[in-house]
Amino acid sequence: MGFQSVQRASEARSLLDCVALTSLAHPAAASTVVSTAKATNIITHPSPSDPSLLQPPVLMPWVGYGTYRLGQRHARTATFQALNVGYRQIDTAFIYGGQTTEIEVGKAIQDALEHNIISSREELFITTKQWREYHGYEKSMECLNLSLDRLGVDYVDCWMMHWPGPCWKSKPRQEKEFGMSKGTKREHVDAEENDPWLYAKDGMGKEEITALRAETWRAMEDAYRQGKARSIAVSNFTIQHLELLKKSAKLWPPAVNQVECHPYYPQNELLEYCKREGIVVQAYASLGGQDGTKAKWKVLGGKLIESEPVLAASKHLSNSQRTVSAAQVLLRWALQRNCAIVPKTSSPARMKENANVFGFVLTDEEMIDISKLANNLEGKKGRLCWRTEPLRLLEFE
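The shown structure was predicted, so the numbers you read here are calculated from the model rather than taken from an experiment.

J.: Could you clarify how one ought to interpret helix α10 (residues 268-277) in this entry?
T.: Residue pairs three or four apart in sequence face the same way in an α-helix, which turns once every 3.6 residues. Within α10, the full set of buried residues consists of Leu270, Leu271, Tyr273, Cys274, Lys275 and Glu277. Phi turns positive, to about 80 degrees, at glycine 278, one or two residues after α10.

This is the structure:
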């Protein structure tokens, strides 16, 4: 049994149930789907203006397996175990594990082939991400070729632009250029020098980054045309970033926007925008992520998996036949908002738990109660990830 398309995440019943990614078209043609998407709440598919782009929709599993922070030690074994459990979407990135995770994921795929867990690479949906150090046309192409080599594949099913912002100069270079003594933190320098853009790598400044992203997207468009990526996408993009990219794009829309999304940071406006544009939102950190500190959790009122409405839903849904964990409740909350998910764990038991989110439904009241966790959080106070990133709030063009 292979991949099969279901229109909404809430209708998925297995790890093989997929969303049909929107076909690429010129932005002018893609814009014709806006009113239909708004009316139906379903991802729609504009007809490509370029006949060479005509092909069956790419199917992406609603539930995938994430490899962030697995590290070189665990990435191969954990990915192999995930494939054995039944996951068929593997989400990784050029930068994960200090640029080692892609290599280990590639080894895991070969292990799965050798053990007949999968019969061919075509049974998988592989996502990887271009790293910001490689922004620009030529550098992005170089990054993709390195990723393909590390993964041991000829193409990826989805290639994402990982981050819309710049890469930073090394600490030694910052110290040399700005006269900072070794170990000085940025917040301890003069206010004028505390502008993070001062530390952006040459050619990645505030006035340059929009054009540089456009060049990265142009490389992604060509990778798509060349068959090196079956779909192209973005990650961590705001509405503003997407609108700026749309102005220069020859192919639109990005198939996916992978973003932090959970009850403390629900991204309501972004979800509505992506729905109109035909972009699938894929949520990461659905359980709250790994970057939250004790102080941060205290400010927010506690960890998501320990919150009252999540625990109440878990208790209500559990019975003598099955137990629904708090983690499963949070993953289900994301699916019922029509978000794809990529939960990560190195535990085989939790892999199975995270995959078992199809046999129950949160009531409308439970969805609302969980969503209320963000009610008293002003602005982006619920943002948990990218804790050490100077531009983590993404408030730039």
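Having seen the model, we can carry on.
J.: Is there a simple way to explain the sheet that holds strand β2 (residues 17-20) in this structure?
T.: The pairing of strands in a sheet comes from backbone hydrogen bonds and takes either a parallel or an antiparallel form. The strand order across the open sheet built from 3 strands is β1-β2-β3, with neighbouring strands paired in mixed fashion. The sheet terminates laterally at β1 (4-5) and β3 (59-61), the two strands that pair on one side only. Both β1 and β2 contribute to a ladder of 2 bridges, which runs parallel. Bridge pairing links serine 5 to cysteine 18 in β2.

J.: Looking at this structure, I do not really get the confidence of the model for the protein. What am I missing?
T.: Per-residue pLDDT for the protein averages 90, and the proportion of residues at 70 or more is 87%. Low pLDDT, under 50, characterises residues 33-49; the stretch is placed with 41 contacts to residues that sit more than four places away or in other chains. Contacts for the low-pLDDT stretch residues 186-192, under 50 throughout, to residues beyond four places or in other chains number 11 contacts.

J.: Explanation requested: the environment of lysine 315 in the structure shown.
T.: For lysine 315, the location among the structural elements is in helix α12 (residues 308-317). For lysine 315, a relative accessible area of 70% translates into the label exposed. Separated by 11 residues in sequence, lysine 315 and alanine 326 place their C-alpha atoms 8.8 Å apart.

J.: How should I be thinking about the packing of aromatic side chains in this particular structure?
T.: Aromatic ring pairs are defined here through the distance separating the ring centres and the angle between the ring planes. Counted according to the given criterion, the structure contains 7 aromatic pairs. On the numbers, 5.0 Å between centres and 65 degrees between planes, the contact of phenylalanine 94 with tyrosine 134 is edge-to-face. With phenylalanine 94 in the loop between β5 (89-91) and α4 (96-99) and tyrosine 134 in the loop between β6 (125-130) and α6 (137-151), this residue pair connects regions lying 40 residues apart in the sequence. Here phenylalanine 94 matches tyrosine 134 in class, with each residue buried.

J.: Whenever I open this one, the sheet that holds strand β8 (residues 232-235) confuses me. Can you help?
T.: Spatially, 8 strands are ordered β4-β5-β6-β7-β8-β9-β10-β11 in an open sheet, and the strand pairing comes out parallel. Edge positions in the sheet fall to β4 (65-66) and β11 (340-341), since each of these pairs with one other strand and no more. Summarising the sheet, β4 and β5 pair through 2 bridges and their orientation is parallel. Bridging from a neighbouring strand, tyrosine 65 pairs with isoleucine 90 of β5.

J.: When you look at the nonpolar core in this model, what are you seeing that I'm missing?
T.: Soluble, globular proteins show a tendency: their nonpolar side chains are buried together. Ranked by internal contacts, the top residues of the largest apolar core, which has 75 residues, are Leu21, Trp62, Val63, Val156 and Leu242. Excluding residues that lie within four positions of it along the chain, valine 156 makes contacts with Arg121, Ile126, Thr128, Leu144, Leu148, Leu151, Lys228, Ala229 and Arg230. With 21 residues, the next largest nonpolar core counts Ala200, Tyr284, Val342 and Trp386 among its residues.

J.: Explanation requested: the packing of helix α3 (residues 71-85) against helix α14 (residues 348-355) in the structure shown.
T.: Angle between the axes and distance between the axes are the two parameters that describe a pair of packed helices. Where α3 meets α14, the axes come as close as 10 Å, and the angle between the chain directions of the two elements is 45 degrees. One finds that α3 runs oblique with respect to α14. In this structure, α3 meets α14 at a crossing whose hand is right-handed. Residues Ala78, Gln81, Ala82 and Val85 of α3 form the contact with α14, whose own contacting residues are Pro348, Met351 and Lys352.

J.: I tried to follow the side chain of asparagine 354 on my own but got confused; where do I start?
T.: By the secondary structure assignment, asparagine 354 is in helix α14. If we skip the residues at most four places from it in the chain, asparagine 354 touches Val63, Tyr87, Leu331, Pro343 and Thr345.

J.: Help me understand the pattern of salt bridges, please; the structure alone is not making it clear to me.
T.: Oppositely charged side chains can pair when the atoms bearing their charge come close. For the structure shown, the criterion picks out 16 salt bridges. Linking glutamate 104 and lysine 107 is a salt bridge whose minimum nitrogen-to-oxygen distance equals 3.4 Å. Within this pair, glutamate 104 and its partner lysine 107 are both found in helix α5 (residues 101-114), separated by 3 residues, close to a single helical turn. The class of lysine 107 is partly exposed, set by a relative accessible area of 34%. Between arginine 121 and aspartate 157 there is a salt bridge, with its nearest N and O atoms 2.8 Å apart. Residue arginine 121 is located in the loop between α5 and β6, and its partner aspartate 157 is located in the loop between α6 and β7 (158-161); the two are separated by 36 residues in the primary sequence.

J.: How do you make sense of the state of the cysteines when you look at a structure like this?
T.: A disulfide bridge is the covalent bond that connects two cysteines by way of their sulfur atoms. Taken as a whole and judged by the stated rule, the model has 0 disulfides. Looking at cysteine 274, it has no disulfide partner, and the nearest cysteine sulfur is the one in cysteine 339, 9.1 Å off. On the accessibility criterion, cysteine 274 (0% relative accessible area) is buried.

J.: Please clarify how the pairing of β7 should be interpreted in this entry.
T.: On a regular strand, one side chain projects to one face of the sheet and the next to the other, so that they alternate. Burial along β7 is two-sided: Cys158 and Met160 facing one way and Trp159 and Met161 facing the other are all buried. Sheet topology places β6 next to β7; 4 bridges connect them, and they run parallel. Following the sheet pairing, lysine 129 is matched in β7 by methionine 160. With α6 bridging β6 and the parallel β7, this β-α-β connection has right-handed handedness. Examined bridge by bridge, β7 and β8 share 3 bridges and lie parallel to one another. Residue pairing in the sheet places methionine 160 in a bridge with alanine 233 of β8.

Cut-offs applied
Residues numbered from 1 in each chain as written. Predicted model: local features only at pLDDT ≥ 70, side-chain atom pairs only at ≥ 80, totals over all residues. Heavy atoms only, no water. Buried < 20%, exposed > 50% of the residue type's maximum accessible area, 1.4 Å probe, protein only. Helix = DSSP H or I, 4+ residues; strand = E, 2+ residues; numbered from the N terminus. Pairing = 2+ DSSP bridges. pLDDT = per-residue confidence, 0-100. Contact = heavy atoms within 4.5 Å. Phe/Tyr/Trp six-rings, centres within 6.5 Å; stacked < 30°, edge-to-face > 60°. Core = buried A, V, L, I, M, F, W, Y, C linked by side-chain atoms within 4.5 Å. Axes fitted to C-alpha atoms, helices over the stretch in contact; angles between N-to-C directions. Parallel < 35°, antiparallel > 145°, perpendicular 65-115°, else oblique. Left-handed = near helix turned anticlockwise from the far one by under 90°. Salt bridge = Lys/Arg side-chain N within 4 Å of Asp/Glu carboxyl O. Disulfide = S-S within 2.5 Å. Right-handed = clockwise from strand over helix to strand, strands pointing away.

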